[in-house]
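Analysis of the macromolecular model
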Amino acid sequence: MIRKLTEKDHQLVLTFLSEEPSINLFIIGDLEVFGYTSEFQEIWAEFDEQNTIKAVLLRFHQSFIPYAKGEFDTEGFVSIMKRYNQPVLLTGKSDIVEKFAAFDDLLLGKKQVTFFAECLTDEFLGAKDHDIAINQATIEDVDQIIKLRESIEEFHVRSDAREIFVQAMESNTARTYYTVDHGIITSCVSTTAENSMSAMIVGVCTRKDYRRQGLATAIMQKLFKDVLDEGKTLCLFYDNPEAGRIYKRLGFKDIGKWTMYRG
């Protein structure tokens, strides 16, 4: 049986998701901040005969995230997703998300598979050995940060990126640290989906003219320490082997793969 969840189900679904808090940080964070009654967010769950949750499906704006611990009613979730605009933006743990690719009537966007890594300790961050000034972004910095991200060839910046960025900052589910030179942001690193247990690192980028100066690494050292000092786990995606080596030197370990189907 699949049904839409309400506030009354919060503890039940949180217990289900908390067994893999890093994998589920997006769902946990969105539920903690936006709850069960907003227009842009909904969550459904499949229950077994003992009324135990087997799987969940979250809609956040036009994106869907499924999660399950075993076999689940993929067709039932597909029927829900087809009520919304196609193609579908679908993300999640690879072995779960890729079950949806078998449904020809579900229009999925371009597929991207990345590594998923987490960091539980700051012991590998090293001591600060630079005098680089690092700032925390405010709403006034959003447009310049979006413009910097758009200049990075590897980045996919959605049309509603500014709206989601501002919403995340205002709800304290995201923060961005950056460096600046004569009023121009030169490098930045962000968190997203911050919740009571974890935070996702995203948007690591540096202007071409300022690369190879250690700016992004310096920002990551400060941001990672600040988040870890709050008792949260750090998570990130990467598909670039060079970036992966940097993250692993800072204490990250691979915990799986993550698949994204983008419009």
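Report on the accompanying structure.

1. Concerning the side chain of Thr-259
Assignment of secondary structure puts Thr-259 in strand S12 (residues 253-262). Thr-259 gets classed as buried once you look at its relative accessible area, which sits at 0%. Side chain to side chain, Thr-259 and Glu-98 meet in a polar contact 2.9 Å long.

2. Examining the pattern of salt bridges
Counting across every chain of the model gives 19 salt bridges. One salt bridge connects Glu-42 with Arg-59, and the closest N-O pair in it is separated by 2.8 Å. Here Glu-42, found in strand S2 (residues 41-47), pairs with Arg-59, found in strand S3 (residues 53-60); they are 17 residues apart in sequence, far enough to count as distant. Residue class for Arg-59 comes out buried when judged on its relative accessible area of 7%. With a closest N to O distance of 2.5 Å, Asp-143 and Arg-162 form a salt bridge. Remark: Arg-162 occurs in helix H6 (residues 161-170) and Asp-143 occurs in helix H5 (residues 142-150); sequence separation between them is 19 residues. Looking at Asp-143, the relative accessible area reads 44%, which means it is partly exposed. Residues joined by salt bridges that share partners form a network here, namely Arg-175, Glu-194, Glu-230 and Lys-232.

3. Some thoughts on unusual backbone geometry
A cis amide bond, omega -5°, links Gln-86 with the succeeding residue Pro-87. With respect to the helices, strands and loops of the structure, Pro-87 is situated in the loop between helix H3 (74-81) and strand S5 (89-93). In the Ramachandran plot, Asn-51 falls in the positive-phi region, its phi being about 65° despite a non-glycine side chain. With respect to the element layout, Asn-51 can be found in the loop between S2 and S3. We classify Asn-51 as partly exposed; its relative accessible area is 46%. The backbone phi angle of Arg-212 is positive, close to 65°, even though this residue is not glycine. We classify Arg-212 as exposed; its relative accessible area is 77%.

What counts and what doesn't
- Residues numbered from 1 in each chain as written.
- Predicted model: local features only at pLDDT ≥ 70, side-chain atom pairs only at ≥ 80, totals over all residues.
- Heavy atoms only, no water.
- Helix = DSSP H or I, 4+ residues; strand = E, 2+ residues; numbered from the N terminus.
- Buried < 20%, exposed > 50% of the residue type's maximum accessible area, 1.4 Å probe, protein only.
- Polar contact = N/O pair within 3.5 Å; in protein donor to acceptor, adjacent residues only side chain to side chain.
- Salt bridge = Lys/Arg side-chain N within 4 Å of Asp/Glu carboxyl O.

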